[in-house]
Amino acid sequence: SEDELLMTDFEVAPAAPAVVLFELGEVTLIDQSNKLLALYKVHRRVKILSEEGLEWAKVGIPFDRSKQEGVRLQKGLTHFWGSDGGPESIKLNKKTASKEQIGADMYVYKFPMPGAKVGSVVEYMYEFISEEIQSLRPWKFQKDIPVLYSRYDTYLPRKVSYVPVFQGDTRKLQRFVGRYSYNLGRRPTHNYGEFGLSSGTSYQQGFVFGNVISYEMKDVFPLKAEPYTTIPEDNMAQISLELANLR
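Since this is a predicted model, take the numbers as computed values, not measurements.

Asks: What is the right way to read the overall build of the protein from this model?
Replies: A tally of regular secondary structure across the protein gives one helix and 16 strands. Sorting the 247 residues of the protein into buried and exposed places 43% on the buried side. Across the protein, every contact between residues at least 6 apart in sequence was considered, and the portion connecting residues at least 24 apart equals 78%.

Here it is in structure tokens:
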């Protein structure tokens, strides 16, 4: 919005180098040849307020090849106030994304947001797939910059149940429960080659029923570190899901 582009500081936390305006996360368990996979989707928008905040325009997503994990970038946009007095956007060229190996099976998928500068709003969406369903990837509502809105939706079929594990201060967390069902028919749902994995197409068919549980937090501020100390990430408000039962 224009208000986001014209924002020059964050009144409640004037020293913040950047602000997460919103982030939406989702995890869905999908069935590929009678094997469950976890498919994650992330949509995030960040306002850059200072030179230090430009680090938030350099996105890195770690993944583990031993767990058949991969990343697919969907889109990226850098929004800014143009010289003609109106909002403008630069689209991310997916060819600028790269993978860096940081361990035997560990990699980081990286992409720089184009034309990012102080005052810009960077926005990106990506998908992440993994064979690891015992412990789903944690969703962190809290970061080292303020977060105005964060929501995590979990779509879990009836044949599985998970126990939520909370860390940090989640007193402001809200939880919503619903149900979902849809007829898949017989249609391709995911091409794994697009995630950098061995190519192949997943087919699902029939009806899927399950629960959708959403977790939401608003106006989440960073923890304050004592002088000469750092805040362990485990202390930040977050949720992870541990598999309890698979029928």
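Having put the structure on the table, let's press on.
Asks: Whenever I open this one, the packing of aromatic side chains confuses me. Can you help?
Replies: Here a ring pair, both rings aromatic, is described through the centre-centre distance and the interplanar angle of the planes. The full count for this structure, using the stated rule, is seven aromatic pairs. For the ring pair Phe111 and Tyr124, a centre distance of 5.5 Å and an interplane angle of 75° mean the geometry is edge-to-face. Residue Phe111 is located in strand E7 (residues 106-112), and its partner Tyr124 is located in strand E8 (residues 121-130); the two are separated by 13 residues in the primary sequence. Among the residues examined, Phe111 registers a relative accessible area of 1% and is labelled buried. What makes Tyr124 buried here is its relative accessible area of 3%. Residues Trp139 and Tyr152 carry aromatic rings whose centres are separated by 5.3 Å and whose planes lie at 0° to one another, so their mutual orientation is stacked. Of this pair, Trp139 sits in strand E9 (residues 139-140) while Tyr152 is found in strand E10 (residues 147-157), placing the two residues 13 residues apart along the sequence. Like Tyr152, Trp139 is buried. In this structure, Arg65 packs its charged tip against the face of Tyr107, placed 5.9 Å from the ring centre. Seen from the ring of Phe128, Arg137 lies directly overhead, with NZ or CZ sitting 3.9 Å from the centre.

Asks: Can you help me understand the sheet that holds strand E3 (residues 58-64) in this one?
Replies: Picture the strands of a sheet paired through backbone hydrogen bonds; they go either parallel or antiparallel. Pairing within the open sheet is antiparallel, and its three strands lie in the order E3-E7-E6. If you trace the sheet from one side to the other, it starts and ends with E3 and strand E6 (98-101), each paired once. With strand direction ignored, the average angle separating the axes of adjacent strands in the sheet is 30°. By the bridge criterion, seven bridges tie E3 to E7 in an arrangement that is antiparallel. Paired with Asp64 across the two strands is Met106, which belongs to E7.

Asks: Explanation requested: the pattern of salt bridges in the structure shown.
Replies: If charged atoms from side chains of opposite charge come close, those side chains can pair. For the structure on display, the rule yields nine salt bridges. Between Arg44 and Glu23 there is a salt bridge, and its shortest N-O distance comes to 2.7 Å. Here Glu23 lies in strand E1 (residues 18-32) and Arg44 lies in strand E2 (residues 35-48), a separation of 21 residues in the sequence. A salt bridge links Lys143 to Glu23, with the nearest nitrogen and oxygen atoms 2.7 Å apart. With a gap of 120 residues between them, Lys143 in the loop between E9 and E10 and Glu23 in strand E1 connect regions that are remote in the sequence. The pair Lys143 / Glu23 is uniform in exposure class, with both members buried. The network of salt bridges with shared partners includes Glu23, Arg44 and Lys143.

Calculation criteria
- Residues numbered from 1 in each chain as written.
- Predicted model: local features only at pLDDT ≥ 70, side-chain atom pairs only at ≥ 80, totals over all residues.
- Heavy atoms only, no water.
- Helix = DSSP H or I, 4+ residues; strand = E, 2+ residues; numbered from the N terminus.
- Buried < 20%, exposed > 50% of the residue type's maximum accessible area, 1.4 Å probe, protein only.
- Contact = heavy atoms within 4.5 Å.
- Phe/Tyr/Trp six-rings, centres within 6.5 Å; stacked < 30°, edge-to-face > 60°.
- Lys NZ or Arg CZ within 6 Å of the ring centre and 35° of its normal.
- Pairing = 2+ DSSP bridges.
- Axes fitted to C-alpha atoms, helices over the stretch in contact; angles between N-to-C directions.
- Salt bridge = Lys/Arg side-chain N within 4 Å of Asp/Glu carboxyl O.

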